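So the chains spell out like this:
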Amino acid sequence: MLASRNVRAAAGARVAAAPGQRAILAARPGRRTLIAAKAQKKEIMMWEALREAIDEEMERDPTVCVMGEDVGHYGGSYKCTLGLYKKYGDMRVLDTPICENGFMGMGVGAAMTGLRPIVEGMNMGFLLLAFNQISNNCGMLHYTSGGQFKTPLVVRGPGGVGRQLGAEHSQRLESYFQSIPGVQLVACSTVRNSKALLKAAIRSDNPIIFFEHVLLYNVKGEAGGADEVACLERAEVVREGTDVSIFTYSRMRYVVMQAVNDLVKKGYNPEVIDLISLKPFDMETISNSIKKTRKAIIVEECMKTGGIGASLSAVINESLFYELDHEVIRLSSQDVPTAYAYELEAATIVQSSQVVEAVERVVGGRVAAHA
Amino acid sequence: MRPRGCKLLARAARALGNAESSALAALHSGSSSSSPQGTLRRLHTSPSAAAEANTTTTTPTCPSPGDAFLEVPGGKLPFTSAIQFVGGSDSPAPTIPCYRTIDSAGQDVPDAQVPYPLGQDLALRMYTCMARLQTMDTLFYEAQRQGRFSFYLTCQGEEATNIGSAAGLDDKDMVFAQYREQGVLLWRGYTLDQFANQLLGNAQEPGKGRQMPIHYGSPELAYQTISSPLATQMPHAVGAAYAYKMDRLPQVSVAYFGDGASSEGDAHAAFNFAAVLGAPTLFVCRNNGYAISTPAHEQYKGDGIAGRGPMYGIPTIRVDGGDVRAVYNAVVAARARALGLGSGSGSGSPEGSSGGGGAPGPVLIECMSYRCGHHSTSDDSTRYRTSDEMRAWRARDPVARFRTWLVRRGWWDEAQEAVLRRTTRVQVLEALDAASRVAKPPLSTLFTDVYASLPPHLAAQSAQTLDFVRRHPTICPPDVPVQ
């Protein structure tokens, strides 16, 4: 596996959801989930978990630093670096002028000089401006220098479709970045995995593009301790099942689980895999699932054209063709700029009812046998 | 703050700019720093301020009585009653003059300030390096024309800029070059064998044949691997300087770039960031008059690149790039200034120079010269400039100029010149021959170093590729081993 100096997460993390998220979360994660059993365990929001990860890693390793717009005194637009400048100073939590390609290049140079920068894009979409530095330098320099220079940085920020943020603030950059050789793409989705994955990403010697979702920062859950560091290349089995393998990531995980809620009532038993590692894919987990269920549905927020689902679909087709009873179903966003109007925006992304319908269509006849 | 407020705030931040969003944040959340000025981001103007975690900004909170100034977050600005535009062709800013210590005839400029005089040893070391660079460039260029490797570019006309600047740096100062700075590598000790290995992409070159020719890199010599896109190295240099500053190391980073590259957005970003952050970076612009076929007067309208420096708050000097002693002096002085040490301790400090004491920060040096050769072996510059122009500039060869200066002092003569050129020529040819006998890197290294270690999908691709080649051995050229 990739040489990130990480520790495998506790075995419990691989099976179903973490205790803090045993309940199916609504597709609008701003709501609290009221479960009495969790009253004793401390629940925090995802932004706090990310902040804890950054804080712990900065404390552990003096070469870790943060740079980006408004990350210092303002604490980050999504509070992921709230107050850290007071603890670590203005140099280690660095406010930069507005130039994404500029501070991305700066992060590359600092990484090549021995630091481990965490470069924050205020919105992933703005990192399109940083594409040159990410692609031509960050991704390439370890290779083109023959391994003499490395760029161990983390590029993180919120992406995905929010609530009426308009097309330019609703980009899904994993589509664009996935082709870049030399970078790893990781998408977090829960409080627990966000903290554990970010810690792993910071410790990795590879450049990691770390996708958070703009609507998940206030999701509540339990985070792991300072020693819980996830494996960056391992997918998460959210729900074990037998009927169909649903592959998803980021906020679509919650959409899928909402659909699963309905599906279970109808007698289905879907297996849900959160990809986590968008590049490279965890083919071991993916193929184990498909060999079991023989049906694959991909639910993503990327556009249909050129998204993560497109790549995954191709790879499944090439390597698992004879394990499939059905073509790979791909539920993706429409190939349109994301509209501002609420209803239009909702119509461009995948809704849970579409997931339900896809499962019914693909699994279909077996329900009769169950009933 | 409620989630919706968070998102609205993020959008507002993008739309309105950060200072106002800080004020909005203060208003929204009722944070402890209730005055808008209290939430303003601090500029890193001094190392002590930057190092301390908890000092607050010192912008004034109340406008002064009366209307003497306009006091806004953007600055404290005097008023004028005149409606007057500055800059542009109507009222151009004064042209920044060019620092020079040796004239075109190889004679000392009588009143030149030379805070760092060249002793004989240093002068000869610089000259022999310039001459070797010139010979090496000529031979490698010809070798490419003969088909021995695919690409080359020379730094002819810029030998003084290369060597003068390299000599003025510390060996550990990290260099972020563009692609026409092989003289810096030569100065630091990159051998002719190493040059030849990289040009031929053989198994002995540390880049493992991954990059095209002239894309050298050497961590040992503090020279970052060249990356083709222009000006991307400039923000890198600022990042390195930031790392040095954070670790309190007495190092500067150096970004070389051309007049054409200075038009890139990355150049602007690097200047601005370095100035704002007080990063100890030397920006060395090789203004050689051409960006492939685009002459400088079609590249910019202002006073070159030096004219921009002061506008960013960067101390700037313009130098005769063909005068190796001037370049050397400017770089030594600039380096000290970048580290916040003032103008250094050379004998006869230039009077009138503000010491620049205390605060680290960037310095911009624009070296004016002429690109004597074609842009590269892929270019034929006779298509866009006259042979007369090129001939006139060859007569102003910086190597010849310095040689004349040395000969006047009795430190060099024709006999030594002939020996140097002959032995260099032999060494270059030997290096090329030796490099061409080394095998290329094996095909099995094609997939390594993409990541820190080989991931499953690349291991699979590698296995497929090697298997295919073993089954079709004629596909692989004879000098490329498979494993």
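Computed from a predicted model, the values in this text were never measured in an experiment.

Asks: Please clarify how the overall build of chain B should be interpreted in this entry.
Replies: Within chain B one finds 15 helices and nine strands. For chain B, buried positions account for 51% of its 483 residues. Taking the intrachain contacts of chain B between residues at least 6 apart in sequence as the baseline, contacts between residues at least 24 apart amount to 70%. About 21,800 Å² of surface is accessible on chain B, with carbon and sulfur atoms providing 55% of the total.

Asks: Quick question: what am I supposed to make of the layout of surface pockets here?
Replies: One water molecule sets the probe size; rolling that probe over the atoms shows where empty space is left. When its volume is computed, the second largest pocket comes out at roughly 610 Å³. Phe281(A), Val315(A), His457(B), Leu458(B) and Gln461(B) are the residues nearest the centre of the second largest pocket, which is lined by 21 residues in total. Going through the elements one at a time, β12 (277-279) and α10 (308-320) of chain A together with α15 (456-471) of chain B are the ones with two or more residues in the lining of the second largest pocket. Split by residue class, the lining of the second largest pocket holds 11 nonpolar, eight polar and two charged.

Asks: What is the right way to look at the sheet that holds strand β9 (residues 363-368) of chain B in this model?
Replies: The pairing of strands in a sheet happens through backbone hydrogen bonds and is either parallel or antiparallel. All names here are of chain B. Within the open sheet, the five strands sit side by side as β3-β4-β5-β9-β8. Their pairing is parallel. A strand with exactly one partner marks an edge of an open sheet, and here the two such strands are β3 (174-176) and β8 (316-320). Strand-to-strand twist of the sheet, defined as the mean angle between neighbouring strand axes without regard to direction, takes the value 20°. Inspection of the sheet shows β8 paired to β9 by five bridges, in the parallel sense. Paired with Val319 across the strands is Cys367, a residue of β9. Running at roughly 170° to β9, helix α11 (residues 324-338) makes contact with β5 (281-287), β8 and β9 of the sheet.

Asks: Quick question: what am I supposed to make of the interface of chain A and chain B here?
Replies: As a measure of interface size, the accessible area lost when the parts come together is often cited. Contacts between chain A and chain B engage 68 residues on the former and 64 residues on the latter. In this assembly, chain A packs against chain B so that about 5,700 Å² is buried in total across both faces, 62% of it on carbon and sulfur atoms. For chain A, the biggest contributors to the area lost against chain B are Tyr74(A), Met91(A) and Tyr143(A); these three give 13% of the whole. If you tally residues by element for the side of chain A that touches chain B, the top one is helix α3 (residues 100-112) of chain A, at 10 residues. Here the residues of the side of chain A that touches chain B sort into 32 nonpolar, 25 polar and 11 charged.

Asks: Help me understand the UniProt feature "domain: Dehydrogenase E1 component" (unreviewed entry) in chain B in this model?
Replies: Residues and elements named next belong to chain B. Under the present numbering, the feature "domain: Dehydrogenase E1 component" (unreviewed entry) in UniProt falls on residues 129-338 and 361-441. Span residues 129-338 is 42% helix and 12% strand, its end C-alpha atoms 26 Å apart. Taken as a whole, residues 361-441 contains 53% helix and 7% strand, while its terminal C-alpha atoms sit 42 Å from one another.

Asks: Even after reading the chapter, I still don't get the sheet that holds strand β13 (residues 296-303) of chain A, so can you show me in this structure?
Replies: Residues and elements named next belong to chain A. Strand order in the open sheet formed by five strands is β9-β11-β10-β13-β14, with mixed pairing between adjacent strands. Two strands close off the open sheet at either side, each with one partner strand: β9 (236-239) and β14 (329-333). When strand polarity is set aside, the average angle formed by the axes of neighbouring strands in this sheet is 25°. Looking at chain direction, strand β10 (residues 245-248) and strand β11 (residues 271-274) are connected through four bridges and run parallel. For Phe247, the partnering residue across the bridge sits in β11 and is Ile273. Here helix α12 (residues 352-363) sits on the sheet and contacts β10, β13 and β14; the angle it forms with β14, its principal contact strand, is near 165°.

Asks: Would you mind showing me how to read the packing of aromatic side chains here?
Replies: Within a pair of aromatic rings, the relevant descriptors are the distance that separates the centres and the angle that separates the planes. Residues and elements named next belong to chain B. Under the definition given, this model contains 21 aromatic pairs over all chains. Their ring planes at 65° and their centres at 5.8 Å tell us that Phe257 and Phe271 sit as a pair that is edge-to-face. Taken as a pair, Phe257 in strand β4 (residues 253-258) and Phe271 in helix α9 (residues 265-277) lie far apart in primary sequence, 14 residues in all. For the residue pair Phe257 and Phe271, the accessibility class agrees, reading buried in each case.

Asks: Sorry, what's going on with a nonpolar patch on the surface here?
Replies: On the surface, Leu70(B), Val72(B), Leu77(B) and Phe79(B) cluster together into a nonpolar patch covering about 340 Å² of accessible area. The topology assignment puts Leu70(B) in strand β1 (residues 69-72).

Asks: Where do I start with empty space enclosed by the protein in this structure?
Replies: For the structure on display, the rule yields six cavities of 30 Å³ or more. Taken together, 16 residues make up the lining of the largest cavity; nearest its centre are Glu174(A), His213(A), Tyr249(A), Ser250(A) and Glu301(A). The greatest single-element share of the lining of the largest cavity, amounting to three residues, is contributed by strand β7 (residues 208-213) of chain A. Among the residues forming the lining of the largest cavity, the class breakdown is six nonpolar, five polar and five charged. Both of domain 2 (44-221) and domain 3 (238-370) of chain A provide at least three residues apiece to the lining of the largest cavity. Reported here for the second largest cavity is a volume of approximately 80 Å³. Met112(A), Asn137(A), Leu141(A), Phe176(B), Ala177(B), Gln224(B), Thr225(B), Ile226(B), Ser227(B), Thr232(B), Gln233(B) and His236(B) are the residues that line the second largest cavity.

Asks: What exactly am I supposed to notice about the nonpolar core here?
Replies: Nonpolar side chains in soluble globular proteins generally cluster together in the buried interior. All names here are of chain B. One finds Tyr242 and Phe283 to be the most contacted residues of the largest nonpolar core, which totals 81 residues. Broken down by element, the residue count for this core peaks at nine residues, all from helix α8 (residues 233-246). Residues contacting Phe283, with those up to four places away along its chain left out, are Met234, Val238, Ala255, Phe257, Ala270, Phe271, Ala274, Pro362, Val363, Leu364 and Ile365. The next biggest cluster of nonpolar side chains, apart from the first, holds 75 residues, and it includes Met126, Ala131, Ala196 and Val331.

Asks: I would appreciate a short explanation of the pairing of β9(B) in the present structure.
Replies: Within a regular strand, the side chains alternate between the two sheet faces. Residues and elements named next belong to chain B. Burial of β9 is extensive: five of the six residues sit out of reach of the surface. Pairing of β5 with β9 involves six bridges; the strand directions are parallel. Residue Val284 lies in a different strand from β9, and its bridge partner there is Ile365.

Asks: Where do I start with the confidence of the model for chain A in this structure?
Replies: In regions of low pLDDT, the predicted coordinates are not meant to be interpreted in detail. Confidence in the prediction for chain A averages 89 pLDDT; 87% of positions are at 70 or higher. When the criterion is pLDDT under 50, residues 366-371 of chain A qualifies, and its contacts beyond four places in sequence or with other chains add up to seven contacts.

Asks: Can you help me understand the environment of Ile202(A) in this one?
Replies: Residues and elements named next belong to chain A. For Ile202, the position within the fold is in helix α7 (residues 191-203). Judged by relative accessible area, which is 2%, Ile202 ranks as buried. With 124 residues separating them along the chain, Ile202 and His326 place their C-alpha atoms 40 Å apart. Residues contacting Ile202, with those up to four places away along its chain left out, are Ala53, Ile54, Glu57, Val64, Arg116, Ile118 and Val154.

Asks: Even after reading the chapter, I still don't get the UniProt feature "domain: Transketolase-like pyrimidine-binding" (unreviewed entry) in chain A, so can you show me in this structure?
Replies: Residues given the UniProt feature "domain: Transketolase-like pyrimidine-binding" (unreviewed entry) here are residues 44-219 of chain A. Taken end to end, residues 44-219 of chain A comprises 38% helix and 18% strand; its first and last C-alpha atoms sit 8 Å apart.

Asks: Can you help me understand the domain arrangement of chain B in this one?
Replies: As assigned here, chain B comprises domain 1 (98-436) and domain 2 (443-475). Taking the mean C-alpha position of each, domain 1 of chain B and domain 2 of chain B sit 39 Å from one another.

Asks: Honestly, unusual backbone geometry in this entry has me stumped. Any pointers?
Replies: It is generally the case that most residues other than glycine have a negative phi and that most peptide bonds are trans. Geometrically, the link from Lys279(A) to Pro280(A) is a cis peptide bond, its omega value of 0° lying close to zero. Assignment of secondary structure puts Pro280(A) in the loop between β12 and α9 (283-293). Although it is not a glycine, Ile214(B) adopts a positive phi angle of roughly 70°. Along the chain, Ile214(B) turns up in the loop between α7 (192-200) and α8. The class for Ile214(B) is buried, based on a relative accessible area of 2%. At Asp449(B), a residue that is not glycine, the phi angle is positive and equals roughly 70°. With respect to the helices and strands, Asp449(B) occurs in the loop between α14 (414-437) and α15.

Asks: Can you walk me through the packing of α7(B) against α14(B) in this structure?
Replies: Residue and element names in this part refer to chain B. Interhelical geometry of α7 versus α14 gives an angle of 45° and a closest axis separation of 8 Å. The angle between the axes of α7 and α14 places the two elements in the oblique class. The handedness of the crossing between α7 and α14 comes out as right-handed. From α7, Leu192, Asp193, Ala196, Asn197 and Leu200 reach across to α14, where they touch Gln427, Val428, Ala431, Leu432, Ala435 and Ser436. The residue inventory of the contact of α7 with α14, partitioned by class, reads seven nonpolar, three polar and one charged.

Cut-offs and rules
- Residues numbered from 1 in each chain as written.
- Chains lettered and ligands numbered in written order.
- Predicted model: local features only at pLDDT ≥ 70, side-chain atom pairs only at ≥ 80, totals over all residues.
- Heavy atoms only, no water.
- Helix = DSSP H or I, 4+ residues; strand = E, 2+ residues; numbered from the N terminus.
- Buried < 20%, exposed > 50% of the residue type's maximum accessible area, 1.4 Å probe, protein only.
- Contact = heavy atoms within 4.5 Å.
- Areas by Shrake-Rupley, 256 points an atom, 1.4 Å probe, with all protein chains shown as cover.
- 1 Å grid on protein atoms, 1.4 Å probe; cavity = no way out; pocket = protein on both sides within 12 Å on 5 of 7 lines; lining within 4 Å.
- Points joined across faces, edges and corners; volume = space filled by probe spheres on them.
- Nonpolar A, V, L, I, M, F, W, Y, C, P; charged D, E, K, R; others polar.
- Pairing = 2+ DSSP bridges.
- Axes fitted to C-alpha atoms, helices over the stretch in contact; angles between N-to-C directions.
- Buried area = accessible area lost by both parts, 1.4 Å probe.
- UniProt positions renumbered as here; feature names shortened; annotations may be inferred.
- Phe/Tyr/Trp six-rings, centres within 6.5 Å; stacked < 30°, edge-to-face > 60°.
- Patch = residues over 30% accessible without salt bridge, like charges linked within 9 Å, V, L, I, M, F, W, Y side chains within 5 Å.
- Salt bridge = Lys/Arg side-chain N within 4 Å of Asp/Glu carboxyl O.
- Domains from an automatic or database assignment.
- Core = buried A, V, L, I, M, F, W, Y, C linked by side-chain atoms within 4.5 Å.
- pLDDT = per-residue confidence, 0-100.
- Parallel < 35°, antiparallel > 145°, perpendicular 65-115°, else oblique.
- Left-handed = near helix turned anticlockwise from the far one by under 90°.

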